[in-house]
Structure formats: structure tokens, C-alpha cells
Amino acid sequence: MNSRNLLFLLGLLSLVAFPVAGEDRFITLSNLPMGTREKPLVLRTYFPDPGLTREVLSNHDLGYRARKYSPGKGDVDGFVDPILGIPGAIGVNFGPDLSICWDATECRLLYAWRGGFLDMTNYWGEPESGRRKGFGYIPELVGELIFVAKGSHPLGIFDQYTEILAPEFKGYRVIDGVPEFHYTVGEADVRVKIEPGTEPMSIVKHYTVKAPGEVGYYETGYKIKKTDDKDGTFSVTIQGKPVVGMGGAAEEQEYSTEKPNVEWGAALYTNLGCLACHSTDGTRGHGPTFAGLYGEEVPITGMDEKVIADDAYIEESIVNPTAKVVESYPPGYMPPYPIGKKEIKSLTMFIKTLANE
Ligand code: HEC
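Calculation criteria
Residues numbered from 1 in each chain as written. Predicted model: local features only at pLDDT ≥ 70, side-chain atom pairs only at ≥ 80, totals over all residues. Heavy atoms only, no water. Near = heavy atom within 4 Å. Polar contact = N/O pair within 3.5 Å; in protein donor to acceptor, adjacent residues only side chain to side chain. Helix = DSSP H or I, 4+ residues; strand = E, 2+ residues; numbered from the N terminus. Nonpolar A, V, L, I, M, F, W, Y, C, P; charged D, E, K, R; others polar. Salt bridge = Lys/Arg side-chain N within 4 Å of Asp/Glu carboxyl O. Buried < 20%, exposed > 50% of the residue type's maximum accessible area, 1.4 Å probe, protein only. Expected span 1.5 Å × (residues − 1). Pairing = 2+ DSSP bridges. Axes fitted to C-alpha atoms, helices over the stretch in contact; angles between N-to-C directions. Donors = N, O, S within 2.8 Å, 3.2 Å for Na, K, Ca; no water. Tetrahedral: all angles 85-135°; square planar, octahedral: opposite > 155°, others 65-115°.

Undergrad: Please explain the site of the ligand as it appears in this structure.
TA: Taken together, 24 residues form the shell around the ligand, and within it Cys274, Cys277, His278, Tyr313 and Met334 come nearest. With respect to the ligand, the side chain of histidine 278 contributes an N or O atom lying 2.8 Å from a nitrogen atom. One nitrogen or oxygen atom from the side chain of tyrosine 313 is found 2.4 Å from an oxygen atom belonging to the ligand. If you tally residues by element for the shell around the ligand, the top one is helix H4 (residues 311-319), at 4 residues. Classifying every residue of the shell around the ligand by side-chain character gives 18 nonpolar, 5 polar and 1 charged.

Undergrad: Would you mind going over the pattern of salt bridges with me for this structure?
TA: It is possible for side chains of opposite charge to pair when their charged atoms get near one another. What the rule picks out here adds up to 7 salt bridges. One salt bridge connects glutamate 180 with arginine 173, and the closest N-O pair in it is separated by 3.0 Å. Judged by its relative accessible area of 35%, arginine 173 falls in the partly exposed class. Residues lysine 205 and glutamate 219 are paired through a salt bridge, measuring 3.8 Å at the closest nitrogen-oxygen approach. Here glutamate 219 lies in the loop between strand S13 (215-217) and strand S14 (223-226) and lysine 205 lies in strand S12 (residues 202-210), a separation of 14 residues in the sequence.

Undergrad: Would you take a moment to explain helix H5 (residues 341-352) for this structure?
TA: Since the α-helix advances by 3.6 residues per turn, residues separated by three or four positions end up pointing in the same direction. The terminal C-alpha atoms of H5 lie 16 Å apart, and with 12 residues this matches the ideal 16 Å at 1.5 Å per residue to within 8%. Residues of H5 that are buried: Ile344, Ser346, Leu347, Thr348, Phe350 and Ile351.

Undergrad: What is the right way to look at the sheet that holds strand S9 (residues 168-175) in this model?
TA: Sheet strands pair via backbone hydrogen bonds, and the direction of the pair is either parallel or antiparallel. Overall, antiparallel pairing links the 6 strands, which are arranged S9-S10-S11-S12-S15-S14 in an open sheet. Each edge of the open sheet carries a strand with a single partner, namely S9 and S14. The sheet shows a mean angle of 25° between the axes of neighbouring strands, direction not considered. Strand direction decides the pairing type here: strand S11 (residues 188-196) and S12, joined by 8 bridges, are antiparallel. The residue bridging glutamate 195 from the neighbouring strand is valine 204, located in S12.

Undergrad: Help me understand the pairing of strand S5 (residues 99-103) in this model?
TA: Among the 5 residues in S5, 5 count as buried, and that is most of the element. The two faces of S5 match: Ser99, Cys101 and Asp103 on one face and Ile100 and Trp102 on the other face are all buried. As paired strands, strand S4 (residues 89-93) and S5 are joined by 5 bridges and run antiparallel to one another. The residue bridging asparagine 93 from the neighbouring strand is serine 99, located in S5. In this sheet, strand S6 (residues 108-119) lies alongside S5 in antiparallel orientation, the contact comprising 5 bridges. Paired with serine 99 across the strands is tryptophan 113, a residue of S6.

Undergrad: Help me understand the coordination of the iron atom of the ligand, please; the structure alone is not making it clear to me.
TA: Geometrically, a metal with four donors at the corners of a regular tetrahedron has ideal angles of 109.5 degrees, and one with six donors at the corners of a regular octahedron has ideal angles of 90 or 180 degrees. Each protein donor to the iron atom of the ligand is listed here as His278 (NE2) and Met334 (SD); together their distances run 2.0 to 2.2 Å. Around the iron atom of the ligand sit 6 donor atoms; with metal-centred angles ranging over 87 to 179°, the donor geometry is octahedral. Taken together, the residues histidine 278 in the loop between helix H3 (262-271) and strand S16 (297-298) and methionine 334 in the loop between H4 and H5 connect sequence positions 56 residues apart. On the basis of relative accessibility, which here comes to 28%, the residue methionine 334 falls in the partly exposed class.

If you want it as C-alpha cells, here you go:
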């Protein structure tokens, strides 16, 4: 089989949601576990549209309302609305730092967010009852948007556009755990691998382009750094930033970030994706519940004495989760959060509000 067929086959296989991650991790009905930088989680599903412009979704057909139809009676009163989601996208989660939504119709990065990944309840149903939340099929983003595509496609291939060409998705292959997307546009053949950069909220795109003309890159609304183009191989680093006023949680920022406070902690609990593993109502998730945690005694794997869950313990648990692993939970499951002191204090204050009287 040549590599092109293989790519195509991979594309087909990925129509079913499956983790590229090792056997030790699995997708549950509820939500995560998330991927990591080394072993990202790849998921093909409907995606929410956080308010992308028509220019970005230029190759998408709009859905139209249709008359309700009954097999017995024919047309009946009422209308059926189209499902408003992005159907052909591929999600990749690299842990709490970065998730991306790469669209196979536009063949571009539509948006990126940090925190959690996707809440699949709308699509897959509640883990217990199997019931969906709504008939929308569209999962919800967990976390905070840090990049939303604007304007026309960032990659410009000159000398070929006498007419506007639609890109054609060819599939993706996984290189060292990270997917590389493959598409053609006219005579150009493009491969792009996307991963987290070293700076917070940065996204790196590694391109290999075979094109008849010169290749340019322009990202509307974001600072980028581009390396030199060596025989069609170059990288672009996009500096993301919290996106205010569109989807995600950044919209509801009603707290101060001057000094630590409970409201900020509550927002971080959502934005950083803690809620994917820690409940606030006493139910056991991938991690222990935060309800009644503060001030209680916690049994730790490999320690005879229990540890009091005070500020120091909670702060350590966030920055270095493997320092003390709660009994009956796997070590190394929670990713370390190298976040600022004020963020850590705010989270601790939030957890404190859930203490037993
Ligand atoms: C991918 C799942 C996951 C995410 C996301 C996660 N945790 Fe955890 N967390 C765990 C697991 C599993 C444990 C128990 C094992 C251990 O101690 O490492 C844990 C333990 C803890 C503990 C100690 C709890 C106890 O009962 O003693 C605290 C505090 C904590 N996490 C805070 C956080 C905060 C704050 C966030 C978000 C910034 C977060 N966690 C995100 C899985 C997660």
C-alpha cells in the first residue's frame, strides 16, 4: 500500500472516536482523561462553533430549516433546524495547556483552547443513564479559548490562484504521537503538524509544502514567528491569548486578578479543567471530590500517617501531584499545573469554601 492510500485509510478509521494514547488511558462517557504533550488524545466528533466568521467557514454549506416530515402523513406543521456544529473537525488534546480544533473541510486550525478538553455529554449521554443533555450532538468546550481563526486561510500559495480553490483533506498520520494533517489545494501538497509551543498559550505549526509557487503565511489578529522556508519546510509559532466575548469561559470574567480570591478560584476550576476530574458535590471522578476535602485527613499511598488537607497540602497537590498520591488513585494521572502563585492561592481558597462545617 502506498503512503497516500495509508493516509486515506487512517482518515477513514479516525471517523470513529478513538484515542491514539496508550492502553493505560481510555475515553470514558463522561469526559476526559486528557492527553499529554507526548501522547495527545485525538478525537473526531462534532465541534461547537464559538462564533467563527463566514470567511473562516467559507467552504462550509449553511444548513437550512426544513419542513417537518412524517412518514405516514407527509409534510406536517413545524420545522427542523439544522445541527449547528462543525462536523468535519478533528480535536487534539495535549493536556491542560492546549487543545486544538483542526477542520478537515477548511483544512485549517479553527480554534484552540486550554484547560480541559470536551464535555461529550450532549453527544454520548450521561455515563449513568446514557441520556443526552439535548438533541444537539455538539459537545461543549471545557476551558478557555486562546486562539480563534479570523480572515481567509493563513497559508497563501502564490501563482496558482486564478480562481479560489477549495482544499481537499487527504487524512492524517501520527508522528511520535502527534497527528500531521495532509491536504492538497490545487497543485499544492501541504502537511502540517501542530503542537504546543514553549511559551504559555503558544501553538507551533510545522509545515511541509510542495507548491508550484511561493508560499506565504499570514495569521489575522495574532502575533506569529515564522522560520525560514527551507525547501518548503518551515514552522510558524502563533502566540495565543485569552479570547474575550466568544464561547469559552473568558466571557464571564467578573473577578479581579489583582490578588487571590474565591471567584477567580472558581473560574480557574473550570478554565483549567479541574472539573473534568474533581467534582464539588461529593461524587468520585477520575480524582477525589473537592467537597469536604479542606481540613480533612487524607490517606496517602505509601504513608502510614494521614495528611491534613491544609493550604500547603493543596498547593503542593496542584504544582506537584505525585509528591503525595491519594490512596486508591493512580499516580501521575493528574498533570502538574505550573501556574502562578495567585492562581494557586485562589484555587485553594475556592476548595476551602467546599469544606465541611
Ligand atoms: C486528569 C484528571 C485530573 C485533573 C484535570 C486534575 N486533577 Fe487533581 N487529582 C487527580 C487525581 C487522580 C488525584 C489523586 C491522585 C494524586 O493525589 O495525585 C488528584 C489529586 C488532587 C488533589 C488532592 C486531593 C485529595 O483528595 O487529597 C488536589 C488538591 C487536586 N488534585 C487539585 C487539582 C486542581 C486544583 C486541578 C485543576 C487546576 C486538578 N486537580 C486537575 C486528577 C486530576
